[in-house]
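The lines below spell out each chain.
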Amino acid sequence: MIEGLPVLDAHIHLDPAGAPADAVKRFISAGGTHLLVVHKPYGNIPEVNIDNIERAFLTTVRMAELTRKTGAGAWCVIGPYPGLLPSLAERMGLEGAEELQMRALDLAFRFVDEGRALGIGEIGRVHFPVAPEIQSACDRLLVHAFREAGKRNCPVVLHTESPGANSALFEHLAGLAESTGVRRERVIKHYSGWESADPGMSRGFSVSMQARRKNLEEALSRHFTFLLETDYIDDPARPNVVMPPDTVPKKIAWCYRRELLDRELHEKLMVELPGRVLGIDTTS
Ligand SMILES: [Zn+2]
């Protein structure tokens, strides 16, 4: 049903300690064609100094290469994970932690300049309750990232607290993006529900929506546009978390069976939008 059509998972993690090639094979077998491989902190490379961070970034670059060798199109985004900031702050003080993640951002942009990474991610704010000083540090890192991404017009994948049912989070992000030169369309709020795909909610930011049936039904019936993701983490201790790696192609096929999707809309979601938002070509 979806054979020969592009199917992108816009947010997947692959880990050498997991089974990355198997995950990619499962994705391809179900009809998937392209992956955006997102950096994650790897268990054996603590990101506590810039040398380790570089090694960790290189691991993500390698995971995208492995994906291409396995037969799917792939790009990667890299950057300092915001969830690490609280423990780094405990270890080296908040100032030192912020400085380290700032250097990590600059390193990530160097990878972008060298063509080794497509963009930056996942970066942003801490998703669990923390001291306000920590979120302020996150915001300063974000402003820096938005400014540098604006100069290069490269995509930025955001990890933040859940926006819930109102647009306060997006308003806050819009405030940070203001006058940095970044185009909001190229900033992607990952781990989104269908509510965030509402243009009235997302304030011009792009969203990557979890590939759940409810999300697809609600968003498609309202003619929202979105990227789709699994956020698979490739952790052998937590198999198939957040969603199994073959979920996006399976859910796309399900959408056709339910007549929620036709070729024209498919093209919009899987070719036009990835082209505009991520700057990628999913047709080859
Ligand atoms: Zn993720």
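Attention in this report is confined to the structure presented alongside it.

The rules we used
Residues numbered from 1 in each chain as written. Predicted model: local features only at pLDDT ≥ 70, side-chain atom pairs only at ≥ 80, totals over all residues. Helix = DSSP H or I, 4+ residues; strand = E, 2+ residues; numbered from the N terminus. Rg over C-alpha atoms; globule rule 2.2 N^0.38 Å. Buried ≥ 20, exposed ≤ 12 C-beta atoms within 10 Å, placed from the backbone. Contact = placed C-beta atoms within 7 Å. Core = buried A, V, L, I, M, F, W, Y, C linked by C-beta atoms within 7 Å. Pairing = 2+ DSSP bridges. Axes fitted to C-alpha atoms, helices over the stretch in contact; angles between N-to-C directions. Right-handed = clockwise from strand over helix to strand, strands pointing away. Parallel < 35°, antiparallel > 145°, perpendicular 65-115°, else oblique. Left-handed = near helix turned anticlockwise from the far one by under 90°.

Let us look at the overall build of the chain. The helix and strand tally for the chain stands at nine helices and eight strands. Computed over its C-alpha atoms, the radius of gyration of the chain comes to 18 Å, within 12% of the 19 Å expected for a compact globule of 284 residues. Seen through its principal axes, the chain has C-alpha atoms that stretch 55 × 40 × 35 Å. Looking at the chain residue by residue over its 284 residues, the buried ones come to 48%. Within the chain, contacts between residues separated by at least 24 positions form 70% of all contacts whose residues are at least 6 apart in sequence.

In this section: the nonpolar core. In terms of nonpolar packing, the biggest core is built from 85 residues, with Leu36, Val37, Ala108 and Ile120 touching the most fellow members. Ranked by residue count, the leading element in this core is helix α3 (residues 85-113), at 10 residues. Ignoring sequence-local partners within four residues, the contact set of Val37 consists of Ile12, Leu14, Thr60, Met63, Ala64, Thr67, Ala74 and Cys76.

One open sheet holds the eight strands; their spatial order is β1-β2-β3-β4-β5-β6-β7-β8, and the pairing between them is parallel. Lying at the two open borders of the sheet, with one neighbouring strand each, are β1 (8-12) and β8 (227-229). Each strand axis lies, on average, 25 degrees off the axis of its neighbour in the sheet, ignoring direction. Sheet topology note: the strand β3 (residues 73-78)/strand β4 (residues 119-124) ladder contains two bridges and is parallel. Opposite Val77, over in β4, you have Gly119 as the bridge partner.

Take the pairing of β3 next. Burial analysis of β3 places five of its six residues in the buried class, the great majority of the element. Bridge count for strand β2 (residues 34-38) against β3 is five bridges, and the pairing is parallel. Its bridge partner being in β3, Val37 is matched across the sheet by Cys76. For the crossover from β2 across helix α2 (residues 50-70) to β3, the handedness is right-handed.

Within β4, six of the six residues are buried, which leaves it mostly tucked inside the rest of the structure. Relative to strand β5 (residues 156-159), β4 runs parallel, the two being bridged by three bridges. By the bridge assignment for β5, Gly124 is matched with His159.

Looking now at the packing of α2 against α3. The interhelical angle for the contact between α2 and α3, taken along N-to-C directions, is 40 degrees, at an axis separation of 10 Å. In terms of their interaxial angle, α2 and α3 are classed as oblique. Where α2 crosses over α3, the two elements pack in a sense that is right-handed. Contact residues: α2 offers Ile50, Ile53, Glu54 and Phe57, while α3 offers Leu100, Arg103, Ala104, Leu107, Ala108 and Phe111.

The next thing to look at is the environment of Glu161. The topology assignment puts Glu161 in the loop between β5 and α5 (168-177). The spacing of Glu161 and Pro129 is 32 residues in sequence and 8.9 Å in space, taken between C-alpha atoms.

With omega at -15 degrees, the peptide bond leading from Gly121 into Glu122 counts as cis. At the junction of Val241 and Val242, the peptide bond is cis and its omega measures out at -5 degrees in the coordinates. With respect to the element layout, Val242 can be found in the loop between β8 and α8 (247-257). The phi dihedral of His223 falls on the positive side, at around 60 degrees, and the residue is not glycine. With respect to the helices, strands and loops of the structure, His223 is situated in the loop between α7 (213-221) and β8.

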